Amino acid sequence: MRLLEVRNITKSFEGLVAVSNFSFSLTEGEIVGIIGPNGAGKTTIINMISGFCKPDGGCVIFKDKDITGWAPHLICKEGLARTFQICRPFPKLTVREHVLIGICPWSTNLKEAKKKADNILEITGLKEKRDVIGQNLSTPDRKLVEVARALATRPRVLLLDEPAAGLNATEVAGFLQFIERVAKEMKMSIVIVEHVLQVIMKLCQRVIVINFGEKLAEGTPIEIANNAEVISAYLGSEYDNNAS
């Protein structure tokens, strides 16, 4: 079943084209990666899908509804949640309270909401840190809280914007296992924007490469890794030599 369809979305900022006629679709249970150089337009795509900026052209179809230009909270309520590249937790709120923020809009019973929050903290491995306040969280835990809060909204599709940024190799490996588990246990589709190729190659069934706001290539991780045009534009000769 096709959950999300992005059709020819375009966005310019003060005459500079950030994204041009970009299209892709996402089916139920699928994990799709979007990669590209800095400034290629990846986050702008996520922003347009999630309602944080309105496309100049094209449309976003989610569960057969045209959600183009909807407010972010309405898109989230519809079942499409996102995380942000830079995690900014509320400094004085506990981890549990961050998750409750995602639950309260659809659950008016506080006792029930707290129980649901604890279930999500169990899934994300944050149960033992539920009373830690935001300003005391490590970078990896901030990433997990960001995802946990998004999961609390009950999404059908989760958009992840560079979730591995700032993590070391060990932390990236742990995050990979976490996302794999969440995708399986919560039965959701994921779009992930990432620079860490290990994440893309490990998690994604399909990878889309963009350059200068336009789609450069699309295929399986192996096809993308062996695409000469992609290597030249993004991965670089060093990756090519290592791959061979």
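Residues numbered from 1 in each chain as written. Predicted model: local features only at pLDDT ≥ 70, side-chain atom pairs only at ≥ 80, totals over all residues. Heavy atoms only, no water.

A. View of the overall build of the chain. Each helix and strand in the chain was counted, giving nine helices and 10 strands. For the chain, the C-alpha radius of gyration of 18 Å lies close to 18 Å, the compact-globule estimate for 244 residues. A sequence separation of at least 24 residues applies to 65% of the contacts in the chain between residues at least 6 apart. When the accessible surface of the chain is summed, it comes to about 11800 Å², and 50% of that surface belongs to carbon and sulfur atoms. If the 30 positive side-chain charges of the chain are averaged to one point and the 28 negative ones to another, these points end up 9 Å apart. (Helix = DSSP H or I, 4+ residues; strand = E, 2+ residues; numbered from the N terminus. Rg over C-alpha atoms; globule rule 2.2 N^0.38 Å. Contact = heavy atoms within 4.5 Å. Areas by Shrake-Rupley, 256 points an atom, 1.4 Å probe, with all protein chains shown as cover. Lys, Arg positive; Asp, Glu negative; His and termini not counted. Charge placed at Lys NZ, Arg CZ, Asp CG, Glu CD.)

B. The packing of helix α5 (residues 139-151) against helix α6 (residues 169-186), seen in detail. One can describe the packing of α5 onto α6 by two numbers: an axis separation of 11 Å at closest approach and a directional angle of 10 degrees. In terms of orientation, α5 and α6 fall into the roughly parallel class. Considering only the axes of α5 and α6, their crossing is right-handed. Contacts between α5 and α6 involve P140, K143, L144, V147 and L151 from the first element and E171, F175, F178, V182 and M186 from the second. When grouped by side-chain class, the residues that make up the contact of α5 with α6 number eight nonpolar, no polar and two charged. (Axes fitted to C-alpha atoms, helices over the stretch in contact; angles between N-to-C directions. Parallel < 35°, antiparallel > 145°, perpendicular 65-115°, else oblique. Left-handed = near helix turned anticlockwise from the far one by under 90°. Nonpolar A, V, L, I, M, F, W, Y, C, P; charged D, E, K, R; others polar.)

C. Main features of the sheet that holds strand β6 (residues 80-82). Reading across from one edge, β6-β7-β8-β3-β9-β10 is the order of the six strands in this open sheet, with mixed pairing throughout. Strands at the two margins of the open sheet, each flanked by one partner only, are β6 and β10 (214-219). Adjacent strand axes in the sheet meet at a mean angle of 20 degrees, parallel and antiparallel pairs treated alike. Two strands pair when backbone bridges link them, and strand β3 (residues 31-35) and strand β8 (residues 189-193) are joined in this way by four bridges, in the parallel orientation. Bridge pairing in β8 places I31 opposite I190. (Pairing = 2+ DSSP bridges.)

D. The sheet that holds strand β2 (residues 16-27), seen in detail. Judged by pairing direction, the sheet is antiparallel, and its four strands sit side by side in the order β2-β1-β4-β5 without closing on themselves. Two strands close off the open sheet at either side, each with one partner strand: β2 and β5 (65-66). Contacts between helix α1 (residues 42-50) and the sheet are confined to β1 (2-13), β2 and β4 (57-62), with β1 contributing the most and set at about 120 degrees to the helix.

E. Structural view of the side chain of E30. Checked against the element boundaries, E30 lands in the loop between β2 and β3. A distance of 3.0 Å separates the side chain of E30 from the backbone nitrogen of T27, its partner in a polar contact. (Polar contact = N/O pair within 3.5 Å; in protein donor to acceptor, adjacent residues only side chain to side chain.)

F. Spatial organisation of the nonpolar core. One finds V99, L158, I190, I192 and L203 to be the most contacted residues of the largest nonpolar core, which totals 44 residues. Top element by residues in this core is α6. It accounts for seven residues. In contact with I192, other than residues within four places in its own chain, are I31, V32, G33, I34, L160, P163, V199, I200, L203 and C204. (Core = buried A, V, L, I, M, F, W, Y, C linked by side-chain atoms within 4.5 Å. Buried < 20%, exposed > 50% of the residue type's maximum accessible area, 1.4 Å probe, protein only.)

G. Molecular detail of the side chain of T10. Within the secondary structure layout, T10 lies in strand β1. Overall, T10 belongs to the buried group, its relative accessible area being 18%. Other than its neighbours up to four places away in sequence, T10 contacts V19, S20, N21, M48, P55, D56 and G57.

Remember that the coordinates give geometry; whether it matters functionally is a separate question.
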